[in-house]
Amino acid sequence: MEHFDLSLVNWSRAQFALTAMYHWVFVPLTLGLAFIIAFMETLYVKTGDEEWKRITKFWMTLFGINFAIGVATGIILEFEFGTNWSNYSWFVGDIFGAPLAIEGIMAFFMESTFIAVMFFGWNKVSKKFHLVSTWLVAVGANLSALWILVANGWMQYPAGMYFNPDTARNEMHNFWEVLFSPVAINKFLHTITSGYVLAAIFVIGVSAWYMLKGRNILLAKRSIIVAAVFGLVTSIFLALTGDGSAYQVAQKQPMKLAAMEGLYEGQEGAPLIVVGALTPGKQFDDDMDPYIFRIQIPKMLSFLGYRSGDAFVPGVKDLVEGGYTYVDKNGVEKVALSAEQKIERGKIAIKALADYTAAKDANDTVAVAYNRALLNDNFEYFGYGYLNNPKSIIPNVPLTFYSFHIMVALGFLFIGFFMLILYLVYFRQFKINKWILRLSILMIPLAYIASQTGWIVAEVGRQPWVIQDILPTVAAVSRIDSSAVQITFFLFFTIFTALLIAELRIMFKQIKIGSKEGDK
Amino acid sequence: MKYISEILWLLSWPVLMYISYRLSVWAIKHWEKKQPEENA
Ligand code: HEM
């Protein structure tokens with residue numbers, strides 16, 4: 001068995017997580033703000049009211065700053081697939097490459113063309129053409145997110161591919177199956193909607209600041225109305241798509257679901273934890289109570305995960321030890337293998353691949369056929385062959401559990417927040433208490449926290465896999481010197497932090513300037 | 001068709017955008033009617 005340098009794997013993961021999280025600081029705002037701007041500009045074109053134009057331009061500037069840094073960090077992220085995860089890129093280039101290339105074309109041709117019109121074309125093109133450009137930027141930004149999320153969805157649920165033993169690569173046999181994978185579609189909808197909610201909160205928060213300062217009042221009021229309506233509609237949809245994602249996780253990544261809920265022992269009619277704390281140091285095979293305390297809804301987890309209140313939800317222990325019955329994707333009832341058995345079968349698959357290649361070189365047709373069949377029989381567990389310890393299939397349970405519960409709690413808080421704002425607008429004639437305005441500003445960091453914890457659930461919860469059941473993280477990493485990755489980690493950390501500080505300063509400055517213009 | 005439910009689910013996105021847009025326009029108009037003096 002090949003030896004894996006754990007420090008290299010950990011540093012590579014840290015570096016990727018760092019880049020991805022910084023990238024995700026900038027992206028969600030652009031996804032949602034683009035539509036809010038498009039709504040506002042449509043109101044301008046329809047009413048001819050110059051104030052709408054000014055409002056549109058103000059938010060557009062903030063959009064532009066975010067967009068630029070989002071692109072810069074995104075490019076670094078894409079490079080890291082090649083520099084730090086070259087084994088992964090080789091293994092999946094065929095599948096991952098296509099959506100990524102489409103994204104590149106979408107982002108660069110569609111968005112950058114129309115973004116230029118959006119920023120610089122105000123007095124150069126007709127009002128209608130400008131409006132169409134703004135809408136196309138919004139649609140384009142979201143569509144380019146579709147492709148990267150399709151790629152991510154495929155890693156969580158590798159559909160539409162087959163493994164070609166001759167090239168030792170995964171190849172796509174059905175593009176539509178990759179694109180219309182239920183995991184990918186749910187992920188896309190949940191992710192973009194999270195951007196809409198975040199942008200709505202951002203717009204309300206900045207507008208609340210203006211109201212506190214007593215400046216730019218009309219801009220603030222109009223922006224609050226558009227954002228609160230957009231926020232309420234999309235936050236309800238966010239909860240719906242979150243439910244859809246949780247259902248997909250239950251079907252395709254049961255270990256992630258168990259970690260999200262801190263469920264160690266599986267049960268029929270499993271409850272959903274609303275609020276709870278996990279016992280520190282809990283192992284899957286000890287007798288400690290997993291929770292210090294919990295408030296739960298009986299049978300809800302079974303219902304959400306399997307659409308039946310009495311369904312069995314496997315816990316961490318069941319998934320490691322196997323032995324429970326489940327229905328596979330073809331509708332056949334099966335007894336689950338233990339992690340140890342899966343590891344054994346994975347090792348058979350890896351060896352069969354090596355023997356197949358050797359037999360092909362030696363022109364031994366019998367051995368070729370035999371090993372190919374053996375590989376096919378065991379390919380389902382291929383990735384397990386890189387693991388040695390059954391425990392290594394367990395992700396970081398506390399991190400996944402707390403992240404999931406923070407995200408969901410904030411999701412419901414946001415729905416309540418938008419309702420409150422709309423109530424104050426319509427039933428209290430915009431008489432918003434100072435404390436509520438301050439609270440609205442505080443909501444901005446909370447939206448970013450919800451958004452980041454979402455990705456932590458999705459990505460930490462699926463460890464140890466880069467591609468579910470097929471390629472573990474340890475085998476995906478580039479074999480480079482771990483000290484080189486350490487150096488670039490700190491280098492990127494410094495650059496990204498500087499970028500973030502610069503962005504915040506420019507944003508604050510623009511917000512202040514905006515307020516001055518609006519004082520007249 | 002094989003992917004019908006996924007396609008329909010995906011189409012909920014433009015529908016969601018359309019509904020949000022119509023509702024925000026309606027909300028603005030409704031508010032302006034209630035507060036004519038502020039928007040003069
Ligand atoms: C309201 C209840 C919510 C539920 C039930 C929910 C559910 C989920 C689930 C199950 C995942 C993991 C999906 C996977 O691993 O494939 C997830 C991921 C995510 N969530 Fe949520 N979520 C909710 C609210 C929110 C909120 C309020 C935000 C941010 C504003 C958010 C942002 C994200 C993001 C960015 C991801 C990662 C991308 C993805 O996998 O879709 N979620 N959510």
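## Regarding the overall build of chain A
Along the backbone of chain A there are 16 helices and 10 strands. For 520 residues, the compact-globule formula gives about 24 Å, and the C-alpha radius of gyration of chain A, at 25 Å, lands near that figure. For chain A, with 520 residues in total, the buried portion stands at 56%. A fraction of 77% describes how many contacts in chain A between residues 6 or more apart in sequence connect residues 24 or more apart. Only carbon and sulfur atoms are counted for the fraction: they give 65% of the accessible area of chain A, which is about 22000 Å². Distance between charge centres in chain A, computed from 41 positive and 40 negative side chains, equals 16 Å.

## Some points on the domain arrangement of chain A
Residues and elements named next belong to chain A. The domain architecture assigned to chain A consists of domain 1 (21-257 + 394-513), domain 2 (258-334) and domain 3 (339-390). The C-alpha centroid of domain 2 is placed 30 Å from the C-alpha centroid of domain 1. Counting residues at the interface gives 19 residues for domain 1 and 23 residues for domain 2. The interface formed by domain 1 and domain 2 contains 1 salt bridge. Its salt-bridge partner being Arg307, residue Asp243 comes within 3.0 Å of it at the nearest N-O pair. The interface formed by domain 1 and domain 2 includes 15 residue pairs in polar contact (both at pLDDT 80 or more). Sort the elements by how many residues they give to the side of domain 1 that touches domain 2 and helix α13 (residues 397-427) lands first, with 7 residues.

## Quick notes on the coordination of the iron atom of the ligand
All names here are of chain A. Within the protein, His190 (NE2) and Met407 (SD) serve as the donor atoms for the iron atom of the ligand, at 2.0 to 2.3 Å. Coordination at the iron atom of the ligand is octahedral, judged from the 6 donor atoms that bind it and the angles of 84 to 178 degrees they form at the metal. One end of the pair, His190, is in helix α6 (residues 182-213); the other, Met407, is in helix α13, with 217 residues separating them in the sequence. Pair check on accessibility: His190 and Met407 agree, each one buried.

## Side note on the interface of chain B and chain A
The interface of chain B with chain A comprises 24 residues on the first partner and 37 residues on the second. For the chain B and chain A pair, buried surface summed over both sides reaches about 2800 Å², with 76% attributable to carbon and sulfur atoms. The interface formed by chain B and chain A contains 2 salt bridges. Glu32 of chain B serves as the salt-bridge partner of Arg222 of chain A, at 3.2 Å between the closest nitrogen and oxygen. In this assembly, chain B and chain A are joined by 6 residue pairs in polar contact (both at pLDDT 80 or more). Here the side of chain B that touches chain A is built from residues that sort into 13 nonpolar, 6 polar and 5 charged.

## Observations concerning a negative patch on the surface
Residue and element names in this part refer to chain A. A grouping of Glu265, Asp285, Asp287 and Glu321 is seen on the molecular surface, where their side chains present a negatively charged patch. On the secondary structure map, Asp287 appears in the loop between β4 (272-278) and β5 (291-297). On the basis of relative accessible area, Asp287 is assigned to the exposed category, the value being 83%.

## Brief notes about the packing of helix α8 (residues 254-261) of chain A against α13 of chain A
All names here are of chain A. The interhelical angle for the contact between α8 and α13, taken along N-to-C directions, is 70 degrees, at an axis separation of 6 Å. Relative to α13, the element α8 is oriented roughly perpendicular. Residues Lys256, Ala259, Met260 and Glu261 of α8 touch α13, and the partners they reach there are Val397, Thr400, Phe401, Phe404 and His405. Counted by class, the contact of α8 with α13 contains 5 nonpolar, 2 polar and 2 charged residues.

## Observations concerning unusual backbone geometry
Residue and element names in this part refer to chain A. Going from Gln463 to Pro464, the amide bond is cis rather than trans, its omega being 10 degrees. Turning to its location among the elements, Pro464 is positioned in the loop between α14 (434-460) and β9 (465-467). One non-glycine residue, Lys299, lies in positive phi territory at about 65 degrees. Within the element layout of this structure, Lys299 appears in the loop between β5 and α9 (300-306). Of note in the backbone geometry, Phe430 takes a positive phi value of approximately 65 degrees without being a glycine.

## Notes on the environment of Asn216 of chain A
All names here are of chain A. Examined against the element boundaries, Asn216 turns out to sit in the loop between α6 and α7 (217-252). Under the relative-accessibility criterion, Asn216 is labelled buried at 3%. Sequence separation of Asn216 and His190 is 26 residues, and the distance between their C-alpha atoms is 33 Å.

## Here we look at the packing of helix α2 (residues 50-83) of chain A against α6 of chain A
For any two helices packed against each other, the geometry is given by the interaxial angle and the distance between the axes. Residue and element names in this part refer to chain A. At a minimum axis distance of 13 Å, the contact between α2 and α6 shows a crossing angle of 120 degrees. Here α2 lies oblique to α6, going by the angle between them. Note on packing geometry: the crossing formed by α2 with α6 is right-handed. Contacts between α2 and α6 involve Phe58, Trp59 and Leu62 on the former and, on the latter, Phe202, Val203, Val206, Ser207 and Tyr210.

## Overview of the environment of Leu179 of chain A
All names here are of chain A. One can find Leu179 in helix α5 (residues 175-179). Considering only alpha carbons, one finds Leu179 and Leu149, 30 residues apart in sequence, at a separation of 9.6 Å. Beyond its immediate chain neighbours, meaning those up to four positions away, Leu179 contacts Leu146, Trp147, Val150, Ala184 and Ile185.

## A closer look at the site of the ligand
All names here are of chain A. Neighbouring the ligand are 23 residues, the closest being Lys187, His190, Thr191, Lys256 and Met407. In this structure, an oxygen atom belonging to the ligand sits 2.4 Å away from a side-chain N or O atom of Lys256. Mapped onto the shell around the ligand, the elements with two or more residues apiece are α6, α7, α8, α13 and α14. The element contributing the most residues to the shell around the ligand is α7, with 7 residues. Taken together, the residues of the shell around the ligand break down into 12 nonpolar, 8 polar and 3 charged.

## Notes on the pairing of strand β1 (residues 161-164) of chain A
A regular strand places its side chains so that they alternate between the two faces of the sheet. Here β1 of chain A pairs with strand β2 (residues 169-172) of chain A via 4 bridges, running antiparallel. Within β2 of chain A, the residue paired with Asn164 of chain A across the bridge is Arg169 of chain A.

## What to know about the nonpolar core
Soluble, globular proteins show a tendency: their nonpolar side chains are buried together. Residues and elements named next belong to chain A. Grouped together as the largest cluster of nonpolar side chains are 132 residues, with contacts concentrated most on Trp59 and Tyr88. Per element, the largest residue contribution to this core is 18 residues, and it comes from α6. When residues of this core are assigned to domains, at least three fall in each of domain 1 (21-257 + 394-513) and domain 3 (339-390). Not counting chain neighbours up to four residues away, the residues in contact with Tyr88 comprise Phe81, Phe96, Met155, Val466, Ile467, Leu471 and Ala476. Among the nonpolar cores identified, the runner-up in size contains 22 residues, and Ala258, Phe284, Ile343 and Ile393 belong to it.

Each value, and the rule that gives it
- All residue numbers refer to positions counted from 1 along the written sequence of the respective chain.
- All chains are assigned letters beginning at A, and all ligands numbers beginning at 1, according to the order in which they are written.
- Side-chain atom pairs in this predicted model are given and counted only at pLDDT of 80 or more, local residue features only at pLDDT of at least 70, and totals for whole chains, interfaces and linings cover all residues.
- Neither water nor hydrogens contribute to the side-chain values; these are computed over all heavy atoms in the structure.
- Put simply, DSSP H or I for four residues or longer makes a helix, DSSP E for two residues or longer makes a strand, and each gets a number counted from the N terminus.
- Every radius of gyration here is taken over C-alpha atoms, with the globule rule written as 2.2 Å times N^0.38, N being the number of residues.
- Any residue under 20% of the maximum accessible area for its type is buried, any over 50% is exposed, and the rest in between are partly exposed; the area is computed with a 1.4 Å probe on protein chains only.
- Here, residues are in contact when the closest pair of their heavy atoms is within 4.5 Å.
- To measure how exposed things are, a 1.4 Å probe is used in the Shrake-Rupley method; for residues, cover is taken only from the protein chains shown.
- In summary, the charge assignment counts Lys and Arg as positive and Asp and Glu as negative, without counting His or the chain termini.
- Just so you know, the charge point we use is NZ for Lys, CZ for Arg, CG for Asp and CD for Glu.
- These domain boundaries are the output of an automatic or database domain assignment.
- Throughout this description, the term salt bridge denotes a Lys or Arg side-chain nitrogen within 4 Å of a carboxyl oxygen of Asp or Glu.
- The definition of a polar contact used here is a pair of N or O atoms within 3.5 Å, where within protein one atom must be able to donate a hydrogen and the other to accept one, and adjacent residues in sequence count solely through side-chain atom pairs.
- The rule for donors is simple: an N, O or S atom within 2.8 Å of the metal counts, and for Na, K and Ca the reach is 3.2 Å. Water is not among the atoms, so a site may look short of donors.
- For a four-donor site, all angles between 85 and 135 degrees give tetrahedral; for four or six donors, opposite pairs above 155 degrees with the remaining angles between 65 and 115 give square planar or octahedral; all remaining cases count as irregular.
- Throughout, the accessible surface (probe 1.4 Å) given up by two parts as they are put together, summed over both, is called the buried area.
- Gly falls in the polar group here, along with every residue not listed as nonpolar (Ala, Val, Leu, Ile, Met, Phe, Trp, Tyr, Cys, Pro) or charged (Asp, Glu, Lys, Arg).
- Patches were defined on residues exceeding 30% relative accessible area and lacking a salt bridge, with like-charge contacts within 9 Å and nonpolar side-chain contacts (Val, Leu, Ile, Met, Phe, Trp, Tyr) within 5 Å.
- In this description, a line fitted to the C-alpha atoms serves as the axis of each element, helices being fitted only across the stretch in contact, and the angle between N-to-C directions of two axes falls anywhere from 0 to 180 degrees.
- Under this scheme an angle from 65 to 115 degrees is roughly perpendicular, one under 35 degrees roughly parallel, and one over 145 degrees roughly antiparallel; angles in between are oblique.
- Crossing handedness follows the turn of the near helix against the far one: under a right angle anticlockwise gives a left-handed crossing, and clockwise gives a right-handed one.
- Residues are labelled near a given molecule or strand when at least one of their non-hydrogen atoms is within 4 Å of it.
- For two strands to count as paired, DSSP must find a minimum of two bridges between them.
- The criterion is simple. A nonpolar core is a set of buried Ala, Val, Leu, Ile, Met, Phe, Trp, Tyr and Cys residues joined through side-chain atoms within 4.5 Å.

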